[in-house]
Amino acid sequence: MIKSLHISDRIKTFLIEIGELSYFAGRFFKEVFVKPFEFKELLRQCYYMGNRSLLLVSVTGFILGLVFTLQSRPTLIEFGAVSWMPSMVSISIIREIGPVVIALICAGRIGSGIGAELGSMRVTEQIDAMEVSGTNPFKYLVVTRIMAATLMLPLLIIFGDAIALLGSALVEYLKGAVSFQLYFNKVFNALAFSDLIPALLKSVFFGFAIGLVGCFKGYNCKKGTVGVGEASNSAVVFTSMLLFIIDFIAVFVSDIFFEI
Amino acid sequence: MENDKNIEQVLKIKDLTKSFGANHVLKGFTMTLYKGENLVIMGKSGSGKSVMIRCLVGLMPPDSGEIEIMGHDITKLKQQELDNLRTDLGFLFQGSALYDSMTVRENLEFPLRTHKEKLANAEKLVLEALENVGLTDAIDLMPSELSGGMKRRVALARAIILHPKIIIYDEPTTGLDPITAKEILQLMREIQQKQGASSLIITHDVDCSRVISNRMILLIDGINYAEGTFKELSSSKDKKIQAFFK
């Protein structure tokens, strides 16, 4: 009985949180089209999110392509299908692995950063100070960060995918003596717009989810400095879960429109 | 002062109540702030002083009661109207609340961004505000490079940059050493004389009250328990009042 109560409480809390997150998202859409537009802060956030994640995305992408190719090679050799390597790797990375892995990395890098920054601003009364000075802190802090994450994620994912393919090409060059030109020719022959467009659309939603959850957790942070850690941590956990749900929906919808 | 009907009332709170669950923090708090005066509200920790000022500036909605600032009932204002009214208020937060990703200059420019005509004179206004608190040299420093006293001065400069009609101080001397606390009190008096603003000071520091107040209110058990000058209240024989001055 005690256990079932505990579980029902947790479900209730979870549902309340989903409701509050939806309200928060609704407020974002309400405020995003209303003047004044905070372009300067938006550009600053784009710079921070993009520039500061670039190295992490590069390293992750490169290793992803490298390892994926190394692991797949023996099996493809066994079936005499090693010439299919560029096609297989490119489609897998562009359609699915690249966007999901890079979005998860960015959830850790960008989502937790937003959660911690806004959480710390909340507990040190900086957000209250903005409000009291007659500025709308939601517009200045939240709208700009969600917009920046939504804009930067697709760019980071395209960049990460390119680096992953470079890593894969390097393995093929070293192990299979395939030139970079031949490798990339095969990659571009294998790819179609129906591979790129759903992946790009998906990455826009990934960016929105990372920005939204990070801002939601940080902006509503409570319980002092402990709350800042919790906000940062739960932003990553919640976003990661949301990313897989979005991915599932995206694959489902892509299947209808693009017949994967 | 209350009897002087010629003095303009700039802030009026009537029967303010606020509860958190079963915890009734404010139980019908009433007060008036007159133009140009320094009113100190004293109360023990947890007595509801901070809740009261959060309701006052619209950071927290009250359960019931009226809050009138310069003739506007803030509980009935739309967000835009409230934001406009807030530019007539300066607020010094207990922990200074400086924006730690911005320099001192950017911190001071921030309240100006909603006033295009003032933003054009930003440099002049920032320097003037920093001169008032004696910190012009710190203009390009980050908050992390400032001491506690300097942070409080910068926060004070930010609070007065728009020349507000009412300045609200939340525990202005808490966490400061006695010398820095005296300097802050001196600055508060100078600014009050220079700008002629009304000041509402929330504190539990008796020395601060003695130095700065024209009038005092004791917030006890969620109500305006006693009101008068420092001299009047400190000589009261009421045990609850005496507890503050021992």
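Asker: Which residues make up the overall build of chain A, and what values go with them?
Answerer: Summing up its helical and strand segments, chain A has eight helices and zero strands in all. Ordered by position from N to C terminus, the α and β elements of chain A give α-α-α-α-α-α-α-α. When the backbone C-alpha atoms are referred to their principal axes, chain A occupies close to 65 × 55 × 35 Å. Taking all 260 residues of chain A together, the buried fraction comes to 41%.

Asker: Any chance you could break down the overall build of chain B for me, citing the residues and the numbers?
Answerer: When you go through chain B residue by residue, the secondary structure sums to 10 helices and 10 strands. The C-alpha atoms of chain B give 18 Å as radius of gyration, which agrees with the globular expectation for 246 residues (18 Å, within 12%). Over its C-alpha atoms, taken along the principal directions, chain B stretches across nearly 50 × 45 × 40 Å. Going through the 246 residues of chain B one by one, you find that 39% of them count as buried. Contacts spanning at least 24 positions in sequence make up 66% of the contacts within chain B whose residues lie at least 6 apart.

Asker: An account of the sheet that holds strand β2 (residues 23-34) of chain B is requested, with residue identities and associated values reported.
Answerer: Strand-to-strand pairing in sheets goes through backbone hydrogen bonds, with the strands running parallel or antiparallel. Residues and elements named next belong to chain B. Strand order in the open sheet formed by four strands is β2-β1-β4-β5, and the pairing between neighbours is antiparallel. Across the chains shown, the open sheet's two edge strands, defined by having one partner strand only, are β2 and β5 (72-73). Across two bridges, the pairing between strand β4 (residues 64-69) and β5 is antiparallel. Bridging from a neighbouring strand, Glu68 pairs with Asp73 of β5.

Asker: Can you tell me about the interface of chain A and chain B, naming the residues and giving the values?
Answerer: Between chain A and chain B, the contact holds 10 residues from the first and 16 residues from the second. Class assignment for the residues of the side of chain A that touches chain B results in two nonpolar, five polar and three charged.

Asker: Before we move on, could you go through helix α6 (residues 148-160) of chain B and cite the residues and values that matter?
Answerer: Residues and elements named next belong to chain B. Given a rise of 1.5 Å per residue, 13 residues ought to cover 18 Å, and the 19 Å separating the end C-alpha atoms of α6 matches this to within 8%. α6 sits mainly inside the fold: 11 of its 13 residues count as buried. Looking at α6, one finds that the buried residues are Met150, Lys151, Arg152, Arg153, Val154, Ala155, Leu156, Ala157, Arg158, Ala159 and Ile160. Contact partners of the buried residues in α6: β6 (89-92), α3 (104-109), α5 (122-132), β7 (166-170) and α7 (178-195).

Asker: Outline unusual backbone geometry, supporting the account with residue identities and numerical values.
Answerer: With an omega dihedral of 0°, the bond running from Lys35 of chain A to Pro36 of chain A counts as a cis peptide bond. Turning to its location among the elements, Pro36 of chain A is positioned in the loop between α1 (2-32) and α2 (39-78). One non-glycine residue, Asp15 of chain B, lies in positive phi territory at about 50°. Examined against the element boundaries, Asp15 of chain B turns out to sit in strand β1 (residues 9-20). Asp15 of chain B gets classed as partly exposed once you count the C-beta atoms within 10 Å, which come to 14. Positive phi, normally seen in glycine, also occurs at Met70 of chain B, with a value near 45°. Looking at where Met70 of chain B falls in the secondary structure, it is placed in the loop between β4 and β5.

Asker: Describe in detail the pairing of strand β9 (residues 215-220) of chain B, supporting the description with residues and values.
Answerer: All names here are of chain B. Counting buried positions over the six residues of β9 gives five, a clear majority of the element. Pairing analysis gives four bridges linking strand β3 (residues 38-42) to β9, with the strands arranged parallel. Bridge assignment links Ile41 to a residue of β9, and that residue is Ile217. Two strands pair when backbone bridges link them, and β9 and strand β10 (residues 223-228) are joined in this way by five bridges, in the antiparallel orientation. Residue Leu219 lies in a different strand from β10, and its bridge partner there is Asn224. Here β9 folds back onto β10, and the loop between the two strands holds two residues, one of which, Asp221, carries a positive phi near 55°.

Asker: Describe in detail the pairing of β4 of chain B, supporting the description with residues and values.
Answerer: All names here are of chain B. Of the pairings in the sheet, the one linking β1 to β4 comprises five bridges and is antiparallel in character. For Lys12, the partnering residue across the bridge sits in β4 and is Glu68. The turn linking β4 back onto β5 is made up of two residues, and Met70 within it adopts a positive phi angle of 45°.

Asker: Just give me the short version of the packing of helix α3 (residues 85-123) of chain A against helix α7 (residues 193-219) of chain A, but keep the residues and values in it.
Answerer: Residue and element names in this part refer to chain A. Close contact between α3 and α7 brings their axes to 7 Å; oriented N to C, the two are set at 15°. Our classification of the angle between α3 and α7 gives roughly parallel. Where α3 crosses over α7, the two elements pack in a sense that is right-handed.

Asker: I'd like a description of the packing of α3 of chain A against helix α8 (residues 224-258) of chain A, backed by residues and values.
Answerer: Residue and element names in this part refer to chain A. The interhelical angle for the contact between α3 and α8, taken along N-to-C directions, is 150°, at an axis separation of 8 Å. Comparing the axis directions of α3 and α8 gives the class roughly antiparallel. Note that α3 runs across α8; the crossing there is right-handed. By residue class, the composition of the contact of α3 with α8 is 12 nonpolar, 12 polar and one charged.

Asker: Outline the sheet that holds strand β8 (residues 198-203) of chain B, supporting the account with residue identities and numerical values.
Answerer: Residues and elements named next belong to chain B. A sheet is described by the order of its strands in space; here six strands give the open sequence β6-β7-β8-β3-β9-β10, paired in mixed fashion. One side of each edge strand has no neighbouring strand; the edge strands of this open sheet are β6 and β10. When strand polarity is set aside, the average angle formed by the axes of neighbouring strands in this sheet is 20°.

So, how was this worked out
Residues numbered from 1 in each chain as written. Chains lettered and ligands numbered in written order. Predicted model: local features only at pLDDT ≥ 70, side-chain atom pairs only at ≥ 80, totals over all residues. Helix = DSSP H or I, 4+ residues; strand = E, 2+ residues; numbered from the N terminus. Buried ≥ 20, exposed ≤ 12 C-beta atoms within 10 Å, placed from the backbone. Rg over C-alpha atoms; globule rule 2.2 N^0.38 Å. Contact = placed C-beta atoms within 7 Å. Pairing = 2+ DSSP bridges. Nonpolar A, V, L, I, M, F, W, Y, C, P; charged D, E, K, R; others polar. Expected span 1.5 Å × (residues − 1). Axes fitted to C-alpha atoms, helices over the stretch in contact; angles between N-to-C directions. Parallel < 35°, antiparallel > 145°, perpendicular 65-115°, else oblique. Left-handed = near helix turned anticlockwise from the far one by under 90°.

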